[in-house]
Amino acid sequence: MKRILSLTVLNQTGVLNRITGLFTKRHYNIESITVGHAETEGVSRMTVVVNVQEEKEVEQITKQLNKQIDVLKVTDITSHSIVSRELALIKVMSTPATRMEIQGLIQPFRATVIDVSRESVVVQVTGEPEKIEVLIDLLKPYGIKEIARTGTTAFTRGTQRASKEVPISIV
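Residues numbered from 1 in each chain as written. Predicted model: local features only at pLDDT ≥ 70, side-chain atom pairs only at ≥ 80, totals over all residues. Heavy atoms only, no water.

As named in an unreviewed UniProt entry, the protein chain is Acetolactate synthase small subunit, taken from Metabacillus halosaccharovorans. Under the UniProt heading Catalytic activity (unreviewed entry), the note attached to the protein chain is "2 pyruvate + H(+) = (2S)-2-acetolactate + CO2". UniProt lists a comment for the protein chain under the heading Function (unreviewed entry), and it reads "Catalyzes the conversion of 2 pyruvate molecules into acetolactate in the first common step of the biosynthetic pathway of the branched-amino acids such as leucine, isoleucine, and valine." (UniProt positions renumbered as here; feature names shortened; annotations may be inferred.)

Novice: What's the story with the overall build of the protein chain in this structure? I'm lost.
Specialist: What the protein chain contains, in helices and strands, is four helices and nine strands. Traced from its N-terminal end to its C-terminal end, the protein chain shows the element sequence β-α-β-β-α-β-β-α-β-β-α-β-β. Taking 171 residues into account, the globule formula puts the C-alpha radius of gyration at 16 Å, and the protein chain, at 20 Å, lies well above it. Once the C-alpha set of the protein chain is aligned to its principal axes, its extents read approximately 65 × 55 × 35 Å. Per-residue burial over the protein chain gives 35% buried out of 171 residues. Of the contacts formed within the protein chain by residues at least 6 apart in sequence, a portion of 70% connects residues at least 24 apart. Taken together, the 22 basic and 19 acidic charged side chains of the protein chain have centroids lying 2 Å from each other. (Helix = DSSP H or I, 4+ residues; strand = E, 2+ residues; numbered from the N terminus. Rg over C-alpha atoms; globule rule 2.2 N^0.38 Å. Buried < 20%, exposed > 50% of the residue type's maximum accessible area, 1.4 Å probe, protein only. Contact = heavy atoms within 4.5 Å. Lys, Arg positive; Asp, Glu negative; His and termini not counted. Charge placed at Lys NZ, Arg CZ, Asp CG, Glu CD.)

Novice: Where do I start with the side chain of Ser32 in this structure?
Specialist: Tracing the backbone through its elements, the reader meets Ser32 in strand S2 (residues 30-37). Note on Ser32: relative accessible area 14%, which makes it buried. A distance of 3.3 Å separates a polar atom in the side chain of Ser32 from the backbone nitrogen of Thr152. Apart from the residues lying within four places of it in its own chain, the contact partners of Ser32 are Thr47, Val48, Val49, Gly151 and Thr152. (Polar contact = N/O pair within 3.5 Å; in protein donor to acceptor, adjacent residues only side chain to side chain.)

Novice: Would you mind showing me how to read the pairing of strand S3 (residues 43-51) here?
Specialist: In the case of a regular strand, side chains alternate between the two sheet surfaces. Taken across its nine residues, S3 has seven buried, putting it largely inside the fold. Two elements, strand S1 (residues 2-10) and S3, share nine bridges in a ladder whose sense is antiparallel. Bridge pairing in S3 places Thr8 opposite Arg45. In the sheet, S2 pairs with S3 via seven bridges, with the strands oriented antiparallel. Within the sheet, the bridge partner assigned to Gly36 lies in S3 and is Arg45. A loop of five residues connects S2 with S3, the two strands running antiparallel in sequence, and Gly42 in this loop sits at a positive phi of about 85°. (Pairing = 2+ DSSP bridges.)

Novice: Would you mind showing me how to read the sheet that holds S2 here?
Specialist: Taken in spatial order, the four strands line up as S2-S3-S1-S4 in an open sheet, and their pairing is antiparallel. Each edge of the open sheet is held by one strand with a lone partner, namely S2 and strand S4 (71-76). Within the sheet, the average angular offset between the axes of one strand and its neighbour, ignoring direction, is 15°. (Axes fitted to C-alpha atoms, helices over the stretch in contact; angles between N-to-C directions.)

Novice: Can you help me understand the UniProt feature "domain: ACT" (unreviewed entry) in the protein chain in this one?
Specialist: The residues that UniProt annotates with the feature "domain: ACT" (unreviewed entry) are residues 4-79. Strand forms 39% of residues 4-79 and helix 32%; the C-alpha atoms that close the span are 9 Å apart.

Right, here's the structure in full:
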């Protein structure tokens with residue numbers, strides 16, 4: 001089962017290496033990992049997607065990550081209400097005759113052409129990984145030269161109000 005872990009870590013040399021090493025030592029394959037600056041200076045947010053067989057394996061990974069000195073917080077956000085996105089750049093074989101066809105194909109996915117050459121176009125798409133997979137499958141008949149994907153970036157949605165509050169107007 002695929003699990004999404006959200007980590008906040010100190011932004012220091014070697015943190016990424018220590019965290020990935022922890023997964024390696026325990027023979028867990030990281031399907032995707034994204035890292036970037038968080039809202040607090042000196043802190044980074046990591047999103048790690050890992051495939052495990054049993055629930056207890058995720059608990060074990062979480063416990064081991066929490067023991068790391070540079071790790072501030074670890075949360076398994078898989079079962080939470082989350083916002084997640086991935087970015088993909090797809091270089092597709094294209095002739096002047098097929099460019100309009102490709103443009104029509106990518107439009108429903110809110111994808112854009114960001115580069116054009118004689119023999120190819122580069123398509124940029126963001127969204128859920130499943131959406132990106134569907135677009136890739138549709139572009140395969142044209143001939144895909146290269147694909148670069150960021151992996152999943154995610155965090156939990158903001159909390160929703162339990163009841164509607166009546167706005168107070170000041171006159």
